[in-house]
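# Chain and residue survey
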Amino acid sequence: MLLDIAKLPTAENSVVQLHPTDTIAIARVPIPAGAELRIDGVRVVTRDAIPAGHKVALRTIPAGEMVLRYGQAIGRARGTIEAGQHVHTHNLSFEELHLEYEFPSGEKPLPQPRTDGLTFLGYRREDGRVGTRNYIAVVAASNCAAHTAETIARSYEDEALPPHVDGVVAFPHGEGCGHSMGPDLDQLRRTLAGVLVHPNVSAAIILGLGCEVNQIDHYLGSGAPTSLRLAGLTLQSSGGTRGTVDASRRQIARFIEQAAAERRTEVPASKIVLGLNCGGSDSFSGITANPALGYCSDLLAELGGAAVLAETTEIFGAEHLLVKRARNRQVAEKLLACIQNYKRYINRFEGSSFDDNPSPGNKAGGLSNILEKSLGAVAKGGTSPLMEVYDYAEPVTSPGFVFMNTPGYDPVSLTGLAAGGCNLIAFTTGRGSAIGFPTIPVIKIATNGNTYRRMTDNMDVNAGAISDGERTVQQVGREIFDLMLEVASGRHTCAERLGHKEFVPWRIGPVM
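So, here is what we can say about the structure in this document.

Contact pair helix α1 (residues 146–154) / helix α4 (residues 240–260): the axes reach a minimum separation of 10 Å and the direction vectors enclose 50 degrees. Comparing their axes, α4 and α1 come out oblique. The two elements α1 and α4 cross, and the hand of that crossing is right-handed. Where α1 approaches α4, its residues Thr148, Thr151 and Ile152 are matched on the opposing element by Thr241, Thr244, Val245, Ser248 and Ile252. When grouped by side-chain class, the residues that make up the contact of α1 with α4 number three nonpolar, five polar and no charged.

Time to look at α1. Taken residue by residue, α1 has Ala146, Thr148, Ala149, Ile152 and Ala153 as its buried positions. End-on view of α1: buried residues confined to an arc of 165 degrees, all on one side of the axis. Packing partners of the buried residues in α1 comprise β12 (135–140), β13 (167–171), β14 (201–208) and α4.

Let us look at the side chain of lysine 380. Within the secondary structure, lysine 380 is located in the loop between α9 (370–377) and β19 (386–390). Classification of lysine 380 by relative accessible area gives buried; the value is 1%. Among the polar contacts made by the side chain of lysine 380, one reaches the main-chain carbonyl oxygen of alanine 377 at a distance of 3.0 Å. Discounting residues that sit within four places of it in the chain, lysine 380 has contacts with Leu276, Asn277, Cys278, Asn290, Leu293, Gly294, Ser297, Leu309, Glu311 and Thr428.

Once that is clear, we can look at the side chain of serine 285. If you trace the backbone, serine 285 turns up in the loop between β17 (273–278) and α5 (289–303). Residues within four places of serine 285 in sequence aside, it is in contact with Asn290, Pro291, Gly430 and Thr447.

In the contact formed by α5 and helix α13 (residues 473–488), the axes pass within 7 Å of each other and the chain directions differ by 55 degrees. Relative to α13, α5 is oriented oblique. When the axes of α5 and α13 are compared, the crossing they make is right-handed. The residues of α13 that touch α5, namely those facing Pro291, Ala292, Leu293, Tyr295, Cys296, Leu299, Leu300 and Leu303, are Val473, Gln474, Val476, Gly477, Arg478, Ile480, Phe481 and Met484. Residue classes in the contact of α5 with α13 are distributed as 13 nonpolar, two polar and one charged.

This part is about the pattern of salt bridges. Going through the model one piece at a time under the given rule, you end up with 25 salt bridges. Put simply, arginine 507 and aspartate 184 hold a salt bridge, and the shortest N to O gap is 3.2 Å. In this pair, arginine 507 is assigned in the segment after α14 (494–498) and aspartate 184 in helix α2 (residues 183–196), connecting sequence segments 323 residues apart. On the accessibility criterion, arginine 507 (18% relative accessible area) is buried. Because the salt bridges share partners, they merge into one network encompassing Arg125, Glu126, Arg229 and Glu262.

Criteria and cut-off values
Residues numbered from 1 in each chain as written. Predicted model: local features only at pLDDT ≥ 70, side-chain atom pairs only at ≥ 80, totals over all residues. Heavy atoms only, no water. Axes fitted to C-alpha atoms, helices over the stretch in contact; angles between N-to-C directions. Helix = DSSP H or I, 4+ residues; strand = E, 2+ residues; numbered from the N terminus. Parallel < 35°, antiparallel > 145°, perpendicular 65-115°, else oblique. Left-handed = near helix turned anticlockwise from the far one by under 90°. Contact = heavy atoms within 4.5 Å. Nonpolar A, V, L, I, M, F, W, Y, C, P; charged D, E, K, R; others polar. Buried < 20%, exposed > 50% of the residue type's maximum accessible area, 1.4 Å probe, protein only. Arc of directions from axis to C-beta. Polar contact = N/O pair within 3.5 Å; in protein donor to acceptor, adjacent residues only side chain to side chain. Salt bridge = Lys/Arg side-chain N within 4 Å of Asp/Glu carboxyl O.

Pasting the structure below:
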């Protein structure tokens, strides 16, 4: 872990120094100007009011010197920063660092799935994967079929479905036509295919208009695998919207009968593929929720399950820490290629940079720039070796800790993780991001107690107990792990109870 566990806050301390070499400390609570602080016996008097989660200088930092948090550089002092001053965007500059990469010299073995010990109740699928839910999905091949897909799913809202059928859900979106042939269309097809054959989906319908670029034959034609769990319809051949709704309901009636006959069975915890995401981050993210989720990730990886870190834009500036943990040189190079390709992608848009990522809410929560944000974000991946790197929506097949190339934009990132086969997602948030997914339980972990208390309907875990000095990273990490097993077995998350069903594929190419 990046932070020094021994330095974590207690209820008596108003600030926490996360690493012995840090030149700043983080305010656990709001601190007025003129307050006396003592950190490792050093006396510091605050010159400014320090909001909760924000940084205070522990010593004089000369102009041009790097400011350290987690023992890592997070930016350069714009001018001399005196001890006790508030350190934030007004006096801390961002610059792209020239990082030294420590590449692995050997080969780390893949973790072996363990069949003994911890289990959950899931739905076994023919391909060996296991579902944590049992849905019928109606997936639009293009924007022209999106409304009809939603209409079909809504027609079941007031119907009582049999036990073991979690619902009929729609996947509407604005893509599928106006695409140029090439990587963008390939990525959309990979995304929709991953949703259609997801282990949390008992059966699915792919729905098209009939003349779009993304034809349903791609999923049903001679080159596609045949399945009794997949059907396809177009509005042009099924009588328009109303005719397609009726035809789809006849097909779904057969799917529901099939799904109702399926049962949860006891399976090893190694069958969990856990997506790791964060949104609405604050300065506490890298102190509480993310390290706790990292502890959970390590427990899962040790069992031979998969923990999938995402958001390429939020490892920028911290990628050297992941390179050092890579399984081999090839995996390390694949990770760095994600960064370089994303740089080229951003450079298409004049004036854009990685440092556009911290939102106003992130900055209000104490994060000054993308370097500081990334160093906290990678803590979700724990300390396990990095076994593999996947492109957006690429099927995740490796056990252990892995990475997926996604944007940092939450609904697009979750969509990539879902299409890659994650059957659970854990989502940390400091500002209270409200998001879910149509077929995958999303566990929400609040980084601070204030957000947890303000949004109790949305939050499943209060990691703010760590910054309040009431619990340890390990204790909250174990709570997340135990909750993960319960949710995998059928317990509903807050996002599920609230009906969150966000689905947004990543559009990377031009609109034709």
